[in-house]
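Understanding the architecture of this molecule
What follows is each chain in one-letter form.
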Amino acid sequence: MDAIESDFTCPRCGGNLIRSDDGAMLHFRCKVGHRYSPDGLEDEQTSALDAALWIALRTIEDSAALARRMAARAAERNQPQLLAHFEEKVRVAEERGVLVRRALLGISEGNGPTGSARPKRPGTRLPPTR
């Protein structure tokens, strides 16, 4: 059996994957014991990317909401420099949110990196743009 360290990492634990080819079947495994066929590895990578994008979107939206509150507080206290600072943070967060939202739409509508159609995660929908 030929085992070679691959350039890929395990989508579950982040460890290096070893590529094994026994002649009949190609598979990847990590030191922890996760094992994938090529198709299974692609599916796990896509799922990991999808989950990471949802976390990123939620974090970005939380950051924008906090910056909005801080901007409102600065406005109430007549602190124009602080207000401008937090308004810029809101603007940047909203731009990032648009990018992540587009990536999520691409994955959920089958326009992701592999082009394969994948349904959205059950029970999830994209939050409205602000």
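Residues numbered from 1 in each chain as written. Predicted model: local features only at pLDDT ≥ 70, side-chain atom pairs only at ≥ 80, totals over all residues. Heavy atoms only, no water.

1. What to know about the pairing of strand β3 (residues 26-29)
- The sheet contact formed by strand β2 (residues 16-21) and β3 spans four bridges and is antiparallel. Each residue of the ladder has a partner; that of Arg-19, found in β3, is Phe-28.
- Hairpin connection of β2 to β3: four residues between the antiparallel strands, including Gly-23 at a positive phi of 95 degrees.
- Two elements, β3 and strand β4 (residues 35-36), share two bridges in a ladder whose sense is antiparallel. When the sheet's bridge partners are listed, Phe-28 is paired in β4 with Tyr-36.
- What sits between β3 and β4 in their antiparallel hairpin is a turn of five residues, with Gly-33 showing a positive phi close to 120 degrees. (Pairing = 2+ DSSP bridges. Helix = DSSP H or I, 4+ residues; strand = E, 2+ residues; numbered from the N terminus.)

2. Some points on unusual backbone geometry
- In the Ramachandran plot, Asn-78 falls in the positive-phi region, its phi being about 55 degrees despite a non-glycine side chain.
- Take Asn-78: it is sitting in the loop between α1 (38-76) and α2 (80-108).

3. Considerations on the side chain of Ser-6
- The residue Ser-6 is located in strand β1 (residues 2-9) in this model.
- Taking relative accessible area as the criterion, Ser-6 reaches 13% and is therefore assigned buried.
- Here Leu-17 takes part through its backbone oxygen, which lies 2.8 Å from a polar atom of the side chain of Ser-6.
- In this structure, Ser-6 is in contact with Leu-17, Ile-18, Arg-19 and Phe-28, ignoring residues within four places of it in sequence. (Buried < 20%, exposed > 50% of the residue type's maximum accessible area, 1.4 Å probe, protein only. Polar contact = N/O pair within 3.5 Å; in protein donor to acceptor, adjacent residues only side chain to side chain. Contact = heavy atoms within 4.5 Å.)

4. Looking at the pattern of salt bridges
- Summed over the entire model, instances satisfying the criterion amount to five salt bridges.
- Among the salt bridges present, the one from Arg-68 reaches Glu-94, with a minimum N-O distance of 2.8 Å. Separated by 26 residues along the polypeptide, Arg-68 in helix α1 and Glu-94 in helix α2 bring together distant segments of the chain.
- Residue classification places Glu-94 among the partly exposed positions, given a relative accessible area of 32%. (Salt bridge = Lys/Arg side-chain N within 4 Å of Asp/Glu carboxyl O.)

5. Notes on the packing of aromatic side chains
- Taken as a whole and assessed by the stated rule, the structure comprises one aromatic pair.
- Pairing Phe-8 with Phe-28 gives two aromatic rings, centres 5.7 Å apart and planes at 80 degrees, and the pair type is edge-to-face. Of this pair, Phe-8 sits in strand β1 while Phe-28 sits in strand β3, and the two are 20 residues apart along the sequence. (Phe/Tyr/Trp six-rings, centres within 6.5 Å; stacked < 30°, edge-to-face > 60°.)

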